[in-house]
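Residue-level listing of the chains:
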Amino acid sequence: GLNKFSRSYQSFGVHRCVDGGLYGKEWAPGAEALFLTGDFNNWNPISHPYKKMDYGKWELFIPPGPDGFCPVPHGSKLKVVIHSKTGETLYRISPWAKYVAPEAVCVSYIIDTFSHLMPNQLFCKPKSLRIYECHVGIASPEGKVASYKNFTYNVLPKIKNLGYNCIQLMAIMEHAYYASFGYQITSFFAASSRYGTPDDLKELIDIAHSMEITVLLDVVHSHASKNSEDGLNKFDGTDSCFFHSGPRGTHSLWDSRLFDYANWEVLRFLLSNLRWWIEEYGFDGFRFDGVTSMLYHHHGIGNFSGDYHEYFGLQVDEEALVYIMLANHMVHFLHPECLTIAEEVSGMPALGCSVAQGGCGFDYRLAMAIPDKWIQIIKELKDEDWDMGNIVFTLTNRRYKEKYIAYAESHDQALVGDKTLAFRLMDAEMYTNMSVISPLTSIIDRGLQLHKMIRLITHALGGEAYLNFMGNEFGHPEWLDFPRKGNNESYHYARRQFHLADDQHLRYIFLNEFDRDMNKLEERFGWLASPLAHVSEKHEDNKIIVFERANLLFIFNFHPHKSFPDYRVGTKTPGKYPFSLCFKYKIALDSDAPEYGGHSRLDHNSEYFSEQFSHNHRPNSLMVSGFVFFVFSFCFSYSVYC
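Residues numbered from 1 in each chain as written. Predicted model: local features only at pLDDT ≥ 70, side-chain atom pairs only at ≥ 80, totals over all residues. Heavy atoms only, no water.

### Describing the UniProt feature "active site" (unreviewed entry) in the protein chain
Put simply, the rule is: UniProt positions are given in the numbering used here, feature names are shortened, and annotations may be inferred rather than shown by experiment. Comment: elements are numbered from the N terminus, with helices defined as DSSP H or I runs of at least four residues and strands as E runs of at least two. Each residue's exposure class comes from its accessible area (1.4 Å probe, protein chains only) as a fraction of the maximum for that residue type: buried when under 20%, exposed when over 50%, partly exposed otherwise.
The positions that UniProt labels "active site" (unreviewed entry) are, in the present scheme, Asp289 and Glu343. Considering the C-alpha atoms alone, the annotated residues occupy 55 residues of sequence yet fold into one spot, their largest mutual distance being 5.4 Å. If you trace the backbone, Asp289 turns up in the loop between β17 (285-288) and α5 (291-295). Residue class for Asp289 comes out buried when judged on its relative accessible area of 8%. Examined against the element boundaries, Glu343 turns out to sit in the loop between β18 (339-342) and β19 (364-366).

What follows is the structure in structure tokens.
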């Protein structure tokens, strides 16, 4: 059954037995012989052979020593020796290895095969998902690889304070090449040793759970590293094994191997991998990377028009599609508290519908068109040419009953060669004019205001969840560049300068405070969990966008130089109720407030009352006073008073 099948990590790999012996099991259909070697036998390549079984499986049992203890001590270095059918002798790491660490250049060994299970509390899915996407290794201002411990005690409190209730951990699955951003996986069951031990990661997850923070793993089942000595590639000496042979087994752009999803043992490996991260470490779900590449034989290389013929036909990889459905079914059936997210760019229909409905089964899908739209607007258009209708269309263009995760910018934009929103808006002046002591230039002023407005309107209108990549909340300067030959193996840009957001003398603190209060307001009103917003105004000349969601009225003025001292906006809320009850509006969040680097041009003591006067197809309306010069946004909360 699926339950036992997807727990194959309990038998495959290398395991200590209750009686003190050692049991090993591998799948290597292309091998002639298998042996286990390591510290325990002085690296003798033939002293401990595996026994050949049916269907390409191999089995090994080493009895306990004379003293009754395991002959392979905890922390031993191990490798599997494979004699291939082509006559090669290969030294490989078990695909099921639980802990892998480098000892010399381009060589890794299995070190800790016996992870200690720690209790992890799991809780219900949050109704409003506010995700902080993060990378443990760069989560420090210092130019080094940061640790799980550092993240647990220095970064988690910051995330909690910012109002995020979910973290999405990147680059956890072991990857030999640090600069791959964690997307060239070499050992699928091993938590990356460069940040610390498995117990350190479990502690991180436990502490996050104690803060009521959901923890998601960025899982990569769309492809695998081409490394053979420390990866899955050519594990048994053949071109296939876990992957398709020939051209179908290689991704031309990523230079990586592609799984054979129709293979029984590949399904065992991948499904067990998901169970392992949930049940051993306590992860609360997954963000599946590269789903578009999985869904199509062409791997999404090229553009999609949105025409439905692109989603149904021979170009769809049905084997991968079935694996995705099976994986989501298994996760949700065995762990209903877990959630799954698809990183998918083509717009495949029903991706976010349940398997029972004929969908792929994801809880959420990333709204990948939104960050592309903001970059396109900033790069190509003058402020006065911004199209309000097109912005609203992009933010609301999603299928009914499929949940989308909105985000203003992706982690790819932070990488060297691209630019974050803050860097595109303020560019070189971020080096000279972010101090509150220096003059507030028009470029910095415009950049600060638009950065806040773009993030708020994306948060409030763009989906049923929100995501931010670490550091972008305060407009992190510069770019992200991992150590590599091209930068002389420097860690200078492989870091996040969190201290900038804590410095009272720098303007980064304004963006950080706004991001926090934006999340806190959502936590209070829950607009992400509420029905789709009603947009009542998209005024192209005035550059005004008005919409209602979760008992909040959002008003955005994107005009670069036009102010509005009195402006009527429509609302559903009636002006008066029987028994002298009236609705009043007060400012709940104002991007022009001084604590956010604004100009304090709105009176927060003002109260606004709706009246039964239809406007913009809404039955009621109110007159907003205090619209002043430059770009700003604010939203109103309503309350009932006698």
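There's plenty left to go through after this.
### Structural notes on helix α7 (residues 369-380)
Heads up, the rule is: Expected helix span is taken as 1.5 Å per residue step, with the number of steps being one fewer than the number of residues. Should any heavy atoms of two residues lie within 4.5 Å, those residues are counted as being in contact.
Between the first and last C-alpha of α7 there are 16 Å, a value that for 12 residues agrees with the 16 Å anticipated at 1.5 Å per step. For α7, the complete set of buried residues consists of Ile370, Pro371, Lys373, Trp374, Ile375, Ile377 and Ile378. Looking at the buried residues of α7, the elements they touch are α8 (388-396), β20 (404-406), α9 (421-426) and α10 (442-461).

### Side note on the pattern of salt bridges
Going by this rule: For this analysis, a salt bridge means a side-chain nitrogen from Lys or Arg found within 4 Å of a carboxyl oxygen belonging to Asp or Glu.
Within the structure shown, the criterion is met by 33 salt bridges. Notably, a salt bridge pairs Arg275 with Glu279, separated by 2.5 Å at the nearest N-O pair. Taken as a pair, Arg275 and Glu279 lie in helix α4 (residues 264-279) at a separation of four residues, close to a single helical turn. In this structure, the salt-bridge partner of Asp383 is Arg446, at a minimum N-O distance of 2.7 Å. Of this pair, Asp383 sits in the loop between α7 and α8 while Arg446 sits in helix α10, and the two are 63 residues apart along the sequence. Linked by salt bridges that have partners in common, Asp218, Arg287, Asp289 and Glu343 make up one network.

### As for the sheet that holds strand β4 (residues 51-52)
What counts is decided by this rule: Strands qualify as paired when DSSP identifies two bridges or more between them.
The antiparallel open sheet is built from four strands, whose spatial order is β1-β2-β5-β4. Each edge of the open sheet is held by one strand with a lone partner, namely β1 (13-16) and β4. Of the pairings in the sheet, the one linking β4 to strand β5 (residues 57-62) comprises two bridges and is antiparallel in character. Opposite Lys52, over in β5, you have Trp58 as the bridge partner.

### Quick notes on the pairing of strand β22 (residues 534-539)
Relative to strand β23 (residues 544-549), β22 runs antiparallel, the two being bridged by five bridges. Note that in β23 the partner of Glu537 across the bridge is Val546. Where β22 folds back onto β23 in an antiparallel hairpin, the turn is made up of four residues, including Lys543, whose phi is positive at roughly 60°.

### Thoughts on the packing of α10 against helix α11 (residues 508-525)
Rules: Here an axis means a line fitted to C-alpha atoms, over the contact stretch when the element is a helix, while the angle between two N-to-C directions is reported on a 0 to 180 degree scale. Any angle between 65 and 115 degrees counts as roughly perpendicular, while under 35 counts as roughly parallel, over 145 as roughly antiparallel, and the rest as oblique. What makes a crossing left-handed is the near helix being turned counterclockwise from the far one by less than a right angle; a clockwise turn instead makes it right-handed.
Across the interface, α10 lies against α11 with an axial gap of 11 Å and an inter-helix angle of 20°. Classified by the interaxial angle, the pair formed by α10 and α11 is roughly parallel. When the axes of α10 and α11 are compared, the crossing they make is right-handed. Residue-level inspection shows Leu448, His451, Lys452, Arg455, Leu456 and His459 of α10 in contact with α11, the latter providing Leu511, Phe514, Asp515, Met518, Asn519 and Glu522.

### Re the side chain of Asn468
As a reminder, the rule being used: Between N or O atoms, a polar contact is any pair within 3.5 Å; within protein, one atom must be a potential hydrogen donor and the other a potential acceptor, and residues adjacent in sequence are included only when both atoms are from side chains.
With respect to the element layout, Asn468 can be found in strand β21 (residues 465-469). Within the structure, Asn468 has its side chain in polar contact with the side chain of Arg455 (distance 2.5 Å). With near-sequence residues (within four places) excluded, Asn468 lies in contact with Ile131, Tyr132, Glu133, Tyr164, Arg455 and Glu473.

### Thoughts on the packing of α4 against helix α6 (residues 318-334)
Test applied: Under the scheme applied here, ten amino acids are nonpolar (Ala, Val, Leu, Ile, Met, Phe, Trp, Tyr, Cys and Pro), four are charged (Asp, Glu, Lys and Arg), and all others, including Gly, are polar.
Two elements in contact, α4 and α6, have axes whose closest approach is 11 Å; the angle formed by their N-to-C orientations is 35°. α6 is crossed by α4, and the crossing has right-handed handedness. Side by side, α4 and α6 meet where Leu267, Leu270, Leu271, Leu274, Arg275 and Ile278 of the first sit next to Tyr323, Leu326, Ala327, Met330, Val331 and Leu334 of the second. Of the residues that constitute the contact of α4 with α6, the class distribution is 11 nonpolar, no polar and one charged.

### Here's the deal with unusual backbone geometry
Positive phi, normally seen in glycine, also occurs at Phe181, with a value near 65°. Position of Phe181 relative to the elements: it lies in the loop between β12 (173-174) and β13 (187-191). Positive phi, normally seen in glycine, also occurs at Ala350, with a value near 65°. Residue placement: Ala350 occurs in the loop between β18 and β19. Exposure remark for Ala350: the relative accessible area of 25% places this residue in the partly exposed category.

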